[in-house]
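Analysis of the macromolecular model
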Amino acid sequence: SLRPYGEQIVGPRVWRVIFAFPSLCLAYSWITYFIAHAHDGITFYDLSGNDLAHTVAFCVNYISFFFLYPSVFNLKEVAAVEPPTLHLWETGIIRITRHPQFVGQSLWSAAHLAMVGTSFTALTMALLVAHH
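The notes below deal with the structure included here. These figures come from a predicted structure and were not determined experimentally.

Description of helix 5 (residues 100-115)
With 16 residues, helix 5 should reach 22 Å at 1.5 Å per residue; the first-to-last C-alpha distance of 23 Å fits that figure. Taken as a whole, helix 5 has its buried residues at Pro100, Gly104, Gln105, Ser109, Ala111 and Met115. For helix 5, the buried positions fall inside an angular range of 160° around the axis, keeping them on one side. Buried residues in helix 5 make contact with strand 1 (43-46), helix 3 (51-68), strand 2 (116-118) and helix 6 (119-131).

Here it is in structure tokens:
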């Protein structure tokens, strides 16, 4: 890991910003690519015009964010103002599952795949879940 050396040279806060910058740039480009190509590939089904499917997907997405971001309550850590700390939660979403981000990503991916059933979307969602 380069973190100990980088923090010695530029300081911990600047190192976190330097470390996060390429990740944010890549995330922006990948999200843009996904939006542009979500309907590419083999179309298995398309429920994007179905109001009931849209409502269910919206509700599942809403629930998924409770799993995806259980520890993002201290926004100063996210913005690299304060150093990140280890949070060991004994209550809340951690009592439901030991891997809340995996569950949240699975819910989010299932909701998006339910709306747009293309081979590109299926592969993208499978890779996102496998990543978590």
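Now that the structure has been shown, we can carry on.
Observations regarding the packing of aromatic side chains
The geometry of an aromatic ring pair comes down to the distance between the two centres and the angle between the two planes. Considering all chains together, one arrives at 3 aromatic pairs under this definition. In this structure an aromatic cluster arises from ring pairing among Tyr33, Phe34 and Phe120.

Side note on the packing of helix 2 (residues 12-37) against helix 6
It is at 10 Å that the axes of helix 2 and helix 6 come closest, and there the two elements cross at 150°. As judged from the angle between their axes, helix 2 and helix 6 are roughly antiparallel. Note on packing geometry: the crossing formed by helix 2 with helix 6 is left-handed. Contact residues: Tyr33, Phe34 and His37 in helix 2; Phe120, Thr121, Thr124 and Met125 in helix 6.

Cut-offs and rules
- Residues numbered from 1 in each chain as written.
- Predicted model: local features only at pLDDT ≥ 70, side-chain atom pairs only at ≥ 80, totals over all residues.
- Heavy atoms only, no water.
- Helix = DSSP H or I, 4+ residues; strand = E, 2+ residues; numbered from the N terminus.
- Expected span 1.5 Å × (residues − 1).
- Buried < 20%, exposed > 50% of the residue type's maximum accessible area, 1.4 Å probe, protein only.
- Arc of directions from axis to C-beta.
- Contact = heavy atoms within 4.5 Å.
- Phe/Tyr/Trp six-rings, centres within 6.5 Å; stacked < 30°, edge-to-face > 60°.
- Axes fitted to C-alpha atoms, helices over the stretch in contact; angles between N-to-C directions.
- Parallel < 35°, antiparallel > 145°, perpendicular 65-115°, else oblique.
- Left-handed = near helix turned anticlockwise from the far one by under 90°.

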